[in-house]
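Survey of secondary and tertiary structure
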Amino acid sequence: TALLAAAALSLTLAACGGSDSPDAKPTSTQATNETLNVVSDFINDTFPNPARDYVEISYGNAEMLLRPRLGDPDPWLAKSVEQRSDTVWRITLNPGITFQNGRTLDSAALKEWFEYEFINDEAAKGSLGDPTAVTIVDDLTVDITTPKLFTPFKNSLSNYIFAVYDAAAVKKVGKKYETLAGAGIFTGPYAYQSSSAGSVKYVRYDGYWQGKPALAGIDARKVLDQNAGMKAVVNGEADLMLVPAVKIKRASRHEHSVKYLVSDESVVYAAFNINPAKAPFTDTAVRQAFAAAIDSDPISTTVMDGVWRPLSGIFPTGTSFGVDWRTYDPDHAMHLLDQAGWTAGSDGIRSKNGAKLSVEIVTYTDDLEAVGNAALDMLRKVGFDAKLRRVPDYSPIPKLLKNPGSVNVNLLNLESFGLDGNPYATVCRNFEYDKGYNDVVRDDELNTLCQKLLATTDTANRDTQFKELQRLNGERVYYVPIVDEPTTMLVQSKYGHLKVDSFYLFLDWQTRPQE
(Lines give C-alpha, C1' and ligand atoms only; values in the text may rest on other atoms or scores of the structure.)
Protein backbone atom coordinates (compact mmCIF):
# COMPACT_ATOMS: atom_id res chain seq x y z
CA THR A 1 0.00 0.00 0.00
CA ALA A 2 2.94 2.36 0.35
CA LEU A 3 3.15 2.03 -3.40
CA LEU A 4 0.47 4.59 -4.17
CA ALA A 5 -0.20 6.06 -0.79
CA ALA A 6 0.46 9.20 -2.63
CA ALA A 7 0.42 8.70 -6.36
CA ALA A 8 2.85 11.24 -5.29
CA LEU A 9 5.75 9.08 -5.05
CA SER A 10 7.73 10.13 -8.07
CA LEU A 11 7.75 10.93 -11.75
CA THR A 12 9.83 10.80 -14.84
CA LEU A 13 11.26 13.81 -16.47
CA ALA A 14 12.97 12.92 -19.71
CA ALA A 15 14.75 15.54 -21.75
CA CYS A 16 14.47 15.24 -25.49
CA GLY A 17 17.29 13.73 -27.49
CA GLY A 18 18.17 10.66 -25.42
CA SER A 19 18.60 7.25 -26.98
CA ASP A 20 17.27 4.01 -25.54
CA SER A 21 18.29 1.88 -28.51
CA PRO A 22 20.21 -1.17 -27.31
CA ASP A 23 22.67 -0.95 -30.18
CA ALA A 24 23.14 2.80 -30.58
CA LYS A 25 25.75 4.74 -28.61
CA PRO A 26 23.80 7.38 -26.63
CA THR A 27 24.30 10.90 -27.92
CA SER A 28 26.45 13.13 -25.76
CA THR A 29 25.13 16.17 -23.97
CA GLN A 30 26.92 19.31 -22.89
CA ALA A 31 27.52 19.32 -19.14
CA THR A 32 26.58 22.38 -17.12
CA ASN A 33 27.47 23.69 -13.69
CA GLU A 34 23.76 23.88 -12.89
CA THR A 35 22.48 22.23 -9.71
CA LEU A 36 18.82 21.23 -9.89
CA ASN A 37 16.87 22.25 -6.78
CA VAL A 38 13.85 20.07 -6.06
CA VAL A 39 11.13 20.27 -3.42
CA SER A 40 9.07 17.20 -2.70
CA ASP A 41 7.16 15.46 0.06
CA PHE A 42 9.29 12.35 -0.41
CA ILE A 43 13.03 12.08 -0.03
CA ASN A 44 15.35 9.62 1.70
CA ASP A 45 17.06 11.93 4.17
CA THR A 46 18.48 8.76 5.72
CA PHE A 47 19.96 6.33 3.20
CA PRO A 48 17.39 3.54 2.76
CA ASN A 49 17.48 -0.24 2.63
CA PRO A 50 18.10 -0.49 -1.14
CA ALA A 51 16.24 -3.80 -1.43
CA ARG A 52 13.00 -2.10 -0.41
CA ASP A 53 13.46 1.41 -1.74
CA TYR A 54 11.36 3.04 -4.44
CA VAL A 55 12.54 6.65 -4.17
CA GLU A 56 16.12 6.69 -5.45
CA ILE A 57 15.09 6.08 -9.07
CA SER A 58 13.22 9.38 -8.80
CA TYR A 59 16.41 11.37 -8.31
CA GLY A 60 18.60 9.78 -10.96
CA ASN A 61 20.53 7.72 -8.42
CA ALA A 62 19.19 4.27 -9.29
CA GLU A 63 18.28 2.52 -12.55
CA MET A 64 16.45 -0.66 -13.57
CA LEU A 65 17.17 -3.31 -16.15
CA LEU A 66 14.23 -2.13 -18.29
CA ARG A 67 12.45 1.21 -18.57
CA PRO A 68 8.64 0.99 -18.17
CA ARG A 69 6.41 1.85 -21.09
CA LEU A 70 2.81 1.04 -21.98
CA GLY A 71 3.19 -2.44 -23.43
CA ASP A 72 6.72 -3.80 -23.82
CA PRO A 73 9.35 -2.00 -21.72
CA ASP A 74 12.41 -0.38 -23.31
CA PRO A 75 16.03 -1.41 -22.75
CA TRP A 76 17.89 0.35 -19.95
CA LEU A 77 20.69 -1.39 -18.05
CA ALA A 78 19.75 -4.50 -19.98
CA LYS A 79 20.44 -4.51 -23.70
CA SER A 80 17.84 -7.23 -24.13
CA VAL A 81 15.53 -9.58 -22.23
CA GLU A 82 14.46 -12.61 -24.23
CA GLN A 83 12.22 -15.56 -23.46
CA ARG A 84 14.19 -18.72 -24.32
CA SER A 85 11.46 -21.18 -23.31
CA ASP A 86 8.36 -21.26 -21.13
CA THR A 87 10.53 -21.21 -18.02
CA VAL A 88 13.83 -19.54 -19.04
CA TRP A 89 14.46 -15.82 -19.58
CA ARG A 90 17.82 -14.50 -20.82
CA ILE A 91 19.04 -11.07 -19.70
CA THR A 92 21.96 -9.43 -21.52
CA LEU A 93 23.48 -6.29 -20.02
CA ASN A 94 24.72 -3.28 -21.93
CA PRO A 95 28.54 -3.19 -21.86
CA GLY A 96 30.55 -0.62 -19.93
CA ILE A 97 28.19 -0.11 -16.99
CA THR A 98 29.72 0.53 -13.60
CA PHE A 99 28.30 1.26 -10.19
CA GLN A 100 29.16 4.72 -8.92
CA ASN A 101 31.85 3.10 -6.74
CA GLY A 102 33.63 1.92 -9.91
CA ARG A 103 32.73 -1.79 -9.75
CA THR A 104 31.62 -3.23 -13.09
CA LEU A 105 28.03 -4.36 -13.47
CA ASP A 106 28.61 -7.72 -15.12
CA SER A 107 26.80 -11.05 -14.97
CA ALA A 108 28.43 -11.98 -11.66
CA ALA A 109 27.31 -8.71 -10.03
CA LEU A 110 23.84 -9.11 -11.57
CA LYS A 111 23.49 -12.67 -10.24
CA GLU A 112 24.59 -11.51 -6.79
CA TRP A 113 22.04 -8.69 -6.89
CA PHE A 114 19.18 -10.97 -7.91
CA GLU A 115 19.96 -13.44 -5.14
CA TYR A 116 20.25 -10.73 -2.48
CA GLU A 117 17.08 -9.04 -3.71
CA PHE A 118 15.08 -12.28 -3.60
CA ILE A 119 16.02 -12.80 0.04
CA ASN A 120 15.67 -9.23 1.27
CA ASP A 121 12.58 -7.95 -0.54
CA GLU A 122 9.57 -10.19 0.02
CA ALA A 123 7.83 -8.78 -3.07
CA ALA A 124 10.70 -9.37 -5.49
CA LYS A 125 10.70 -13.12 -6.01
CA GLY A 126 6.94 -13.41 -6.49
CA SER A 127 6.96 -10.48 -8.90
CA LEU A 128 9.20 -12.51 -11.22
CA GLY A 129 7.37 -15.83 -10.93
CA ASP A 130 9.39 -17.29 -8.02
CA PRO A 131 12.64 -18.03 -9.90
CA THR A 132 14.47 -21.21 -8.96
CA ALA A 133 17.87 -20.38 -10.49
CA VAL A 134 20.05 -17.52 -11.75
CA THR A 135 22.70 -18.92 -14.10
CA ILE A 136 25.68 -17.05 -15.58
CA VAL A 137 25.94 -17.56 -19.35
CA ASP A 138 28.83 -15.20 -20.12
CA ASP A 139 30.29 -11.93 -18.81
CA LEU A 140 27.16 -9.91 -19.61
CA THR A 141 24.41 -12.54 -19.69
CA VAL A 142 22.38 -14.48 -17.14
CA ASP A 143 19.48 -16.91 -17.46
CA ILE A 144 16.60 -16.80 -15.00
CA THR A 145 14.65 -20.04 -14.54
CA THR A 146 11.08 -20.07 -13.24
CA PRO A 147 9.10 -23.14 -12.15
CA LYS A 148 6.38 -22.51 -14.73
CA LEU A 149 5.36 -20.04 -17.42
CA PHE A 150 5.17 -16.50 -16.02
CA THR A 151 4.12 -14.09 -18.75
CA PRO A 152 4.54 -10.80 -16.77
CA PHE A 153 8.29 -11.47 -16.23
CA LYS A 154 9.64 -8.89 -18.69
CA ASN A 155 7.32 -6.09 -17.60
CA SER A 156 8.01 -6.86 -13.95
CA LEU A 157 11.72 -6.12 -14.45
CA SER A 158 10.74 -2.52 -15.23
CA ASN A 159 8.93 -2.08 -11.92
CA TYR A 160 10.64 0.33 -9.53
CA ILE A 161 11.16 -2.41 -6.93
CA PHE A 162 13.96 -3.72 -9.19
CA ALA A 163 16.49 -0.87 -9.02
CA VAL A 164 19.90 -2.53 -9.45
CA TYR A 165 22.58 -1.98 -6.77
CA ASP A 166 25.94 -3.37 -5.71
CA ALA A 167 24.81 -6.23 -3.48
CA ALA A 168 28.36 -6.98 -2.32
CA ALA A 169 28.72 -3.46 -0.91
CA VAL A 170 25.33 -3.68 0.77
CA LYS A 171 26.15 -7.02 2.39
CA LYS A 172 29.23 -5.53 4.03
CA VAL A 173 27.21 -3.04 6.09
CA GLY A 174 24.69 -5.53 7.44
CA LYS A 175 21.62 -3.50 8.29
CA LYS A 176 23.48 -0.23 8.82
CA TYR A 177 22.12 1.14 5.57
CA GLU A 178 22.68 4.75 6.61
CA THR A 179 26.43 4.12 6.16
CA LEU A 180 25.85 3.60 2.42
CA ALA A 181 25.49 7.36 1.87
CA GLY A 182 28.41 8.32 -0.37
CA ALA A 183 29.22 4.65 -1.12
CA GLY A 184 28.02 4.78 -4.74
CA ILE A 185 26.05 1.52 -4.77
CA PHE A 186 23.76 2.42 -7.69
CA THR A 187 24.43 2.97 -11.42
CA GLY A 188 22.62 6.25 -12.09
CA PRO A 189 23.97 9.61 -13.28
CA TYR A 190 23.60 11.28 -9.87
CA ALA A 191 25.06 9.67 -6.75
CA TYR A 192 23.69 10.11 -3.25
CA GLN A 193 26.50 12.03 -1.53
CA SER A 194 25.12 13.19 1.83
CA SER A 195 22.00 14.11 3.75
CA SER A 196 20.72 16.08 6.70
CA ALA A 197 17.29 16.35 8.25
CA GLY A 198 14.94 17.09 5.39
CA SER A 199 17.48 17.34 2.56
CA VAL A 200 19.68 15.20 0.30
CA LYS A 201 22.60 16.17 -1.92
CA TYR A 202 23.28 14.21 -5.14
CA VAL A 203 26.41 14.76 -7.24
CA ARG A 204 27.21 14.05 -10.87
CA TYR A 205 28.78 10.63 -11.53
CA ASP A 206 31.38 11.38 -14.18
CA GLY A 207 31.84 7.68 -14.99
CA TYR A 208 28.20 7.25 -15.94
CA TRP A 209 27.85 4.65 -18.70
CA GLN A 210 25.72 6.66 -21.16
CA GLY A 211 27.83 9.84 -21.07
CA LYS A 212 28.59 12.81 -18.86
CA PRO A 213 25.43 13.90 -17.01
CA ALA A 214 24.21 17.39 -17.88
CA LEU A 215 23.75 18.68 -14.33
CA ALA A 216 26.37 19.22 -11.66
CA GLY A 217 24.04 17.69 -9.13
CA ILE A 218 20.66 17.70 -7.44
CA ASP A 219 19.67 19.21 -4.11
CA ALA A 220 16.40 17.72 -2.86
CA ARG A 221 14.47 19.24 0.03
CA LYS A 222 11.45 17.80 1.82
CA VAL A 223 8.50 20.19 1.90
CA LEU A 224 5.26 18.69 3.17
CA ASP A 225 3.08 21.77 2.75
CA GLN A 226 1.90 22.16 -0.85
CA ASN A 227 1.61 25.93 -0.70
CA ALA A 228 5.14 26.23 0.71
CA GLY A 229 6.41 24.06 -2.13
CA MET A 230 4.72 26.27 -4.69
CA LYS A 231 6.17 29.42 -3.11
CA ALA A 232 9.66 27.92 -3.25
CA VAL A 233 9.34 27.47 -7.03
CA VAL A 234 7.67 30.84 -7.60
CA ASN A 235 10.36 32.62 -5.57
CA GLY A 236 13.18 30.83 -7.40
CA GLU A 237 14.34 28.85 -4.37
CA ALA A 238 13.50 25.61 -6.20
CA ASP A 239 13.43 24.61 -9.86
CA LEU A 240 10.90 21.79 -9.57
CA MET A 241 8.07 20.72 -7.29
CA LEU A 242 7.19 17.06 -7.67
CA VAL A 243 3.57 15.96 -7.99
CA PRO A 244 1.78 19.14 -6.88
CA ALA A 245 -1.95 18.85 -6.20
CA VAL A 246 -4.42 20.30 -8.68
CA LYS A 247 -5.05 23.25 -6.35
CA ILE A 248 -1.47 24.34 -7.09
CA LYS A 249 -2.34 24.69 -10.76
CA ARG A 250 -5.06 27.17 -9.80
CA ALA A 251 -2.90 28.98 -7.24
CA SER A 252 0.01 29.41 -9.68
CA ARG A 253 -2.08 30.29 -12.73
CA HIS A 254 -1.00 33.93 -12.82
CA GLU A 255 2.63 33.33 -11.87
CA HIS A 256 4.43 33.81 -15.20
CA SER A 257 7.77 32.50 -13.94
CA VAL A 258 6.44 28.95 -13.49
CA LYS A 259 4.62 26.25 -15.46
CA TYR A 260 2.34 23.47 -14.28
CA LEU A 261 3.13 20.39 -16.35
CA VAL A 262 0.98 17.28 -16.83
CA SER A 263 1.86 13.89 -18.35
CA ASP A 264 0.06 12.88 -21.56
CA GLU A 265 -0.77 9.45 -20.18
CA SER A 266 -1.67 8.11 -16.78
CA VAL A 267 -1.05 4.76 -15.12
CA VAL A 268 -3.04 5.66 -12.00
CA TYR A 269 -6.70 6.48 -11.43
CA ALA A 270 -9.02 7.51 -8.60
CA ALA A 271 -11.66 4.96 -7.69
CA PHE A 272 -14.12 4.07 -4.98
CA ASN A 273 -13.56 0.64 -3.45
CA ILE A 274 -16.81 -0.61 -1.89
CA ASN A 275 -16.88 -3.16 0.91
CA PRO A 276 -19.59 -5.61 -0.24
CA ALA A 277 -19.73 -7.19 3.21
CA LYS A 278 -20.90 -4.00 4.95
CA ALA A 279 -24.45 -2.64 4.88
CA PRO A 280 -26.02 -1.27 2.81
CA PHE A 281 -23.60 -2.51 0.12
CA THR A 282 -24.32 -6.18 0.75
CA ASP A 283 -27.03 -5.55 -1.86
CA THR A 284 -25.60 -5.44 -5.39
CA ALA A 285 -28.35 -3.05 -6.48
CA VAL A 286 -27.15 -0.48 -3.94
CA ARG A 287 -23.59 -0.75 -5.28
CA GLN A 288 -24.91 -0.30 -8.82
CA ALA A 289 -26.90 2.75 -7.74
CA PHE A 290 -23.80 4.23 -6.10
CA ALA A 291 -21.88 3.89 -9.39
CA ALA A 292 -24.70 5.37 -11.50
CA ALA A 293 -25.11 8.38 -9.19
CA ILE A 294 -21.64 9.86 -9.74
CA ASP A 295 -20.88 12.09 -12.72
CA SER A 296 -17.18 12.07 -13.66
CA ASP A 297 -17.41 14.94 -16.14
CA PRO A 298 -17.89 17.86 -13.71
CA ILE A 299 -15.47 16.25 -11.27
CA SER A 300 -12.88 16.32 -14.05
CA THR A 301 -13.59 19.73 -15.56
CA THR A 302 -14.58 21.75 -12.50
CA VAL A 303 -13.16 20.07 -9.41
CA MET A 304 -9.92 18.81 -10.96
CA ASP A 305 -9.52 21.71 -13.42
CA GLY A 306 -9.30 19.33 -16.39
CA VAL A 307 -6.07 17.77 -15.09
CA TRP A 308 -7.69 14.50 -13.98
CA ARG A 309 -9.70 13.13 -16.90
CA PRO A 310 -13.11 11.40 -16.70
CA LEU A 311 -13.35 7.60 -16.87
CA SER A 312 -16.17 5.22 -17.75
CA GLY A 313 -14.06 2.21 -16.85
CA ILE A 314 -10.57 1.45 -15.58
CA PHE A 315 -8.98 2.58 -18.86
CA PRO A 316 -9.59 5.61 -21.11
CA THR A 317 -12.31 5.16 -23.70
CA GLY A 318 -10.88 3.59 -26.84
CA THR A 319 -8.29 1.40 -25.09
CA SER A 320 -8.37 -1.88 -27.02
CA PHE A 321 -8.58 -4.10 -23.94
CA GLY A 322 -10.73 -1.73 -21.86
CA VAL A 323 -14.45 -1.85 -21.08
CA ASP A 324 -16.61 1.25 -20.58
CA TRP A 325 -19.20 0.00 -18.11
CA ARG A 326 -20.21 3.04 -16.07
CA THR A 327 -22.67 5.72 -17.18
CA TYR A 328 -23.92 8.64 -15.11
CA ASP A 329 -27.65 7.99 -14.75
CA PRO A 330 -29.22 9.32 -11.53
CA ASP A 331 -32.71 8.28 -12.65
CA HIS A 332 -31.52 4.69 -13.00
CA ALA A 333 -29.82 4.93 -9.61
CA MET A 334 -33.10 6.01 -7.99
CA HIS A 335 -35.00 3.27 -9.83
CA LEU A 336 -32.57 0.64 -8.52
CA LEU A 337 -33.00 1.92 -4.98
CA ASP A 338 -36.80 2.03 -5.33
CA GLN A 339 -36.82 -1.57 -6.55
CA ALA A 340 -34.59 -2.60 -3.66
CA GLY A 341 -37.05 -1.16 -1.13
CA TRP A 342 -35.19 2.00 -0.11
CA THR A 343 -37.73 4.80 0.34
CA ALA A 344 -37.00 8.52 0.63
CA GLY A 345 -37.96 10.52 3.69
CA SER A 346 -38.92 14.19 3.87
CA ASP A 347 -35.22 15.13 3.87
CA GLY A 348 -34.57 13.06 0.75
CA ILE A 349 -32.51 10.44 2.62
CA ARG A 350 -33.63 6.89 1.96
CA SER A 351 -34.16 4.18 4.55
CA LYS A 352 -35.24 0.57 4.73
CA ASN A 353 -36.50 -1.32 7.77
CA GLY A 354 -35.48 1.60 9.98
CA ALA A 355 -31.90 1.77 8.67
CA LYS A 356 -30.62 4.77 6.69
CA LEU A 357 -28.97 4.36 3.30
CA SER A 358 -25.65 5.43 4.82
CA VAL A 359 -22.27 5.65 3.13
CA GLU A 360 -19.12 6.89 4.81
CA ILE A 361 -16.17 7.34 2.48
CA VAL A 362 -12.62 7.44 3.79
CA THR A 363 -9.73 9.00 1.85
CA TYR A 364 -6.25 10.41 2.41
CA THR A 365 -5.00 13.13 0.00
CA ASP A 366 -6.08 16.68 -0.87
CA ASP A 367 -7.00 15.78 -4.44
CA LEU A 368 -8.94 12.67 -3.45
CA GLU A 369 -10.76 14.66 -0.78
CA ALA A 370 -11.87 17.15 -3.46
CA VAL A 371 -13.17 14.29 -5.62
CA GLY A 372 -14.96 12.78 -2.63
CA ASN A 373 -16.65 16.01 -1.61
CA ALA A 374 -18.01 16.46 -5.13
CA ALA A 375 -19.35 12.90 -5.08
CA LEU A 376 -21.16 13.48 -1.77
CA ASP A 377 -23.58 15.97 -3.33
CA MET A 378 -24.34 13.59 -6.19
CA LEU A 379 -24.96 10.66 -3.85
CA ARG A 380 -27.26 12.73 -1.62
CA LYS A 381 -29.39 13.68 -4.62
CA VAL A 382 -30.39 10.04 -5.13
CA GLY A 383 -30.98 9.41 -1.43
CA PHE A 384 -27.70 8.36 0.18
CA ASP A 385 -26.83 9.70 3.62
CA ALA A 386 -23.27 10.41 2.48
CA LYS A 387 -20.29 11.46 4.59
CA LEU A 388 -16.54 11.78 4.00
CA ARG A 389 -13.73 11.13 6.47
CA ARG A 390 -10.19 12.38 5.79
CA VAL A 391 -7.22 10.59 7.34
CA PRO A 392 -3.55 11.69 7.12
CA ASP A 393 -2.33 8.72 5.04
CA TYR A 394 -3.39 5.30 3.81
CA SER A 395 -2.19 3.27 6.79
CA PRO A 396 -5.41 3.32 8.91
CA ILE A 397 -7.76 2.68 5.98
CA PRO A 398 -7.65 -1.15 5.75
CA LYS A 399 -8.83 -1.53 9.35
CA LEU A 400 -11.46 1.19 9.00
CA LEU A 401 -12.85 -0.47 5.89
CA LYS A 402 -12.76 -4.07 7.14
CA ASN A 403 -13.61 -3.72 10.81
CA PRO A 404 -17.07 -2.98 12.26
CA GLY A 405 -17.92 0.69 11.98
CA SER A 406 -19.49 3.24 9.67
CA VAL A 407 -16.76 3.39 7.00
CA ASN A 408 -17.87 1.26 4.06
CA VAL A 409 -16.16 2.85 1.03
CA ASN A 410 -12.55 3.77 0.33
CA LEU A 411 -11.61 6.47 -2.20
CA LEU A 412 -8.08 5.73 -3.29
CA ASN A 413 -5.41 5.81 -5.98
CA LEU A 414 -5.19 2.58 -7.97
CA GLU A 415 -2.95 1.51 -10.83
CA SER A 416 -4.43 0.88 -14.28
CA PHE A 417 -1.64 0.28 -16.78
CA GLY A 418 0.67 -0.40 -13.86
CA LEU A 419 4.04 0.97 -12.86
CA ASP A 420 5.60 -1.65 -15.13
CA GLY A 421 3.24 -1.10 -18.09
CA ASN A 422 1.46 -4.46 -17.62
CA PRO A 423 -2.26 -3.76 -17.11
CA TYR A 424 -3.22 -7.42 -16.81
CA ALA A 425 -1.17 -8.27 -13.75
CA THR A 426 -1.80 -4.82 -12.29
CA VAL A 427 -5.59 -4.97 -12.39
CA CYS A 428 -5.67 -8.60 -11.30
CA ARG A 429 -3.84 -7.70 -8.09
CA ASN A 430 -6.98 -5.84 -7.05
CA PHE A 431 -8.91 -9.11 -7.04
CA GLU A 432 -6.47 -11.05 -4.88
CA TYR A 433 -7.88 -10.72 -1.40
CA ASP A 434 -5.63 -9.01 1.16
CA LYS A 435 -3.02 -8.19 -1.50
CA GLY A 436 -2.03 -4.70 -2.62
CA TYR A 437 -5.03 -2.46 -2.05
CA ASN A 438 -7.65 -5.23 -1.94
CA ASP A 439 -8.73 -5.37 1.67
CA VAL A 440 -12.37 -6.34 1.18
CA VAL A 441 -13.13 -7.99 -2.20
CA ARG A 442 -13.41 -11.78 -2.09
CA ASP A 443 -14.70 -13.10 -5.40
CA ASP A 444 -13.33 -16.51 -6.31
CA GLU A 445 -14.70 -16.36 -9.84
CA LEU A 446 -12.83 -13.16 -10.64
CA ASN A 447 -9.66 -14.38 -8.95
CA THR A 448 -9.76 -17.60 -10.99
CA LEU A 449 -10.38 -15.63 -14.18
CA CYS A 450 -7.26 -13.59 -13.40
CA GLN A 451 -5.16 -16.71 -12.92
CA LYS A 452 -6.29 -18.02 -16.31
CA LEU A 453 -5.65 -14.82 -18.25
CA LEU A 454 -2.21 -14.34 -16.68
CA ALA A 455 -1.22 -17.87 -17.67
CA THR A 456 -2.20 -17.65 -21.34
CA THR A 457 0.16 -16.72 -24.17
CA ASP A 458 -2.73 -16.23 -26.61
CA THR A 459 -3.11 -12.44 -26.64
CA ALA A 460 -6.60 -12.46 -28.17
CA ASN A 461 -7.86 -14.93 -25.57
CA ARG A 462 -6.15 -12.95 -22.81
CA ASP A 463 -7.84 -9.71 -23.89
CA THR A 464 -11.23 -11.44 -24.07
CA GLN A 465 -10.82 -12.72 -20.52
CA PHE A 466 -9.54 -9.34 -19.36
CA LYS A 467 -12.61 -7.60 -20.76
CA GLU A 468 -14.83 -10.16 -19.04
CA LEU A 469 -13.08 -9.38 -15.75
CA GLN A 470 -13.85 -5.68 -16.17
CA ARG A 471 -17.44 -6.38 -17.24
CA LEU A 472 -18.04 -8.54 -14.17
CA ASN A 473 -16.61 -5.82 -11.93
CA GLY A 474 -19.04 -3.40 -13.55
CA GLU A 475 -21.89 -5.78 -12.87
CA ARG A 476 -20.92 -6.55 -9.27
CA VAL A 477 -19.43 -3.11 -8.56
CA TYR A 478 -16.44 -3.57 -6.30
CA TYR A 479 -14.36 -0.76 -7.82
CA VAL A 480 -15.88 2.42 -9.31
CA PRO A 481 -13.39 4.33 -11.53
CA ILE A 482 -13.97 8.08 -11.57
CA VAL A 483 -11.01 9.99 -13.10
CA ASP A 484 -7.48 9.17 -14.17
CA GLU A 485 -4.49 10.81 -12.48
CA PRO A 486 -1.72 12.07 -14.73
CA THR A 487 1.63 12.85 -13.16
CA THR A 488 2.14 16.57 -12.46
CA MET A 489 4.97 18.95 -11.78
CA LEU A 490 5.46 22.66 -11.12
CA VAL A 491 8.64 24.02 -12.71
CA GLN A 492 10.60 27.19 -13.22
CA SER A 493 10.16 28.39 -16.83
CA LYS A 494 13.70 27.34 -17.74
CA TYR A 495 12.57 23.74 -17.19
CA GLY A 496 9.22 24.23 -18.90
CA HIS A 497 10.33 22.25 -21.97
CA LEU A 498 10.60 19.00 -20.05
CA LYS A 499 8.19 16.18 -20.73
CA VAL A 500 6.55 14.57 -17.72
CA ASP A 501 6.41 10.82 -18.07
CA SER A 502 3.64 8.82 -16.42
CA PHE A 503 5.77 6.08 -14.86
CA TYR A 504 7.10 7.91 -11.84
CA LEU A 505 10.78 8.09 -12.62
CA PHE A 506 12.24 11.59 -12.23
CA LEU A 507 15.04 12.62 -14.55
CA ASP A 508 17.67 11.24 -16.87
CA TRP A 509 21.29 12.06 -17.59
CA GLN A 510 20.38 14.61 -20.28
CA THR A 511 17.86 16.66 -18.26
CA ARG A 512 19.00 20.27 -18.26
CA PRO A 513 17.60 23.81 -18.23
CA GLN A 514 16.58 25.40 -21.50
CA GLU A 515 19.20 27.74 -22.88
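About the criteria used
Residues numbered from 1 in each chain as written. Predicted model: local features only at pLDDT ≥ 70, side-chain atom pairs only at ≥ 80, totals over all residues. Heavy atoms only, no water. Helix = DSSP H or I, 4+ residues; strand = E, 2+ residues; numbered from the N terminus. Buried < 20%, exposed > 50% of the residue type's maximum accessible area, 1.4 Å probe, protein only. Contact = heavy atoms within 4.5 Å. Pairing = 2+ DSSP bridges. Axes fitted to C-alpha atoms, helices over the stretch in contact; angles between N-to-C directions. Parallel < 35°, antiparallel > 145°, perpendicular 65-115°, else oblique. Left-handed = near helix turned anticlockwise from the far one by under 90°. Nonpolar A, V, L, I, M, F, W, Y, C, P; charged D, E, K, R; others polar. Polar contact = N/O pair within 3.5 Å; in protein donor to acceptor, adjacent residues only side chain to side chain. Phe/Tyr/Trp six-rings, centres within 6.5 Å; stacked < 30°, edge-to-face > 60°. Lys NZ or Arg CZ within 6 Å of the ring centre and 35° of its normal. Disulfide = S-S within 2.5 Å.

Some points on the environment of Ala 292
Residue placement: Ala 292 occurs in helix H7 (residues 284-292). Here Ala 292 falls in the buried class, since its relative accessible area comes to 7%. Distance in space between the C-alpha atoms of Ala 292 and Pro 330 is 6.0 Å, their sequence separation being 38 residues. In contact with Ala 292, not counting residues within four places along its chain, are Thr 327, Tyr 328, Asp 329, Pro 330 and Ala 333.

Considering the sheet that holds strand E17 (residues 355-356)
An order of E15-E16-E17 is seen for the 3 strands of this open sheet, with the pairing classed as antiparallel. The sheet is open, and its two borders are formed by strand E15 (343-344) and E17, each paired with just one other strand.

A word on the packing of H7 against helix H9 (residues 330-339)
Where H7 meets H9, the closest approach of the two axes is 8 Å, and the angle between their N-to-C directions is 165 degrees. Classified by the interaxial angle, the pair formed by H7 and H9 is roughly antiparallel. Regarding H7 and H9, the two cross each other, and that crossing is left-handed. Judged by residue contacts, Ala 285, Val 286, Gln 288, Ala 289 and Ala 292 of H7 engage Pro 330, Ala 333, Leu 336 and Leu 337 from H9. A class-by-class count of the residues in the contact of H7 with H9 yields 8 nonpolar, 1 polar and no charged.

Comments concerning the side chain of Ser 40
Mapped onto the elements, Ser 40 comes out in strand E2 (residues 35-40). Owing to a relative accessible area of 3%, Ser 40 belongs among the buried residues under this scheme. A distance of 2.9 Å separates a polar atom in the side chain of Ser 40 from the backbone nitrogen of Phe 42. Excluding residues that lie within four positions of it along the chain, Ser 40 makes contacts with Tyr 59, Arg 221, Lys 222, Val 223 and Leu 242.

Some words on the packing of aromatic side chains
The full count for this structure, using the stated rule, is 28 aromatic pairs. Seen in terms of ring centroids, Trp 113 and Phe 114 are 4.7 Å apart; in terms of plane orientation they differ by 50 degrees. Their pairing is tilted. Taken together, the ring pairs in this structure connect Phe 42, Phe 47, Tyr 59, Trp 113, Phe 114, Tyr 116, Phe 118, Phe 162, Tyr 165, Phe 186, Tyr 192 and Tyr 202 into an aromatic cluster. Taking the ring centre of Trp 76 as reference, the NZ or CZ of Arg 67 above it sits at 4.0 Å. In this structure, Arg 462 is placed above the aromatic ring of Tyr 424, and the distance from its NZ or CZ to the ring centre is 4.0 Å.

Focus on unusual backbone geometry
With an omega dihedral of 0 degrees, the bond running from Ala 279 to Pro 280 counts as a cis peptide bond. Of note in this structure, Val 243 is not a glycine but carries a positive phi near 50 degrees. You can see Val 243 is positioned in the loop between strand E12 (240-242) and helix H6 (246-251). Val 243 gets classed as buried once you look at its relative accessible area, which sits at 16%. One non-glycine residue, Asn 353, lies in positive phi territory at about 55 degrees. A relative accessible area of 80% places Asn 353 in the exposed class.

Here's the deal with the state of the cysteines
Applying the stated criterion to the full structure yields 1 disulfide. Paired through a disulfide, Cys 428 and Cys 450 show a sulfur-sulfur distance of 2.3 Å. Between Cys 428 and Cys 450 the sulfur-sulfur dihedral comes to about -95 degrees; the bridge is accordingly left-handed. One end of the pair, Cys 428, is in helix H12 (residues 423-428); the other, Cys 450, is in helix H13 (residues 444-455), and 22 residues separate them in sequence. Overall, Cys 428 belongs to the buried group, its relative accessible area being 2%. Exposure remark for Cys 450: the relative accessible area of 2% places this residue in the buried category.

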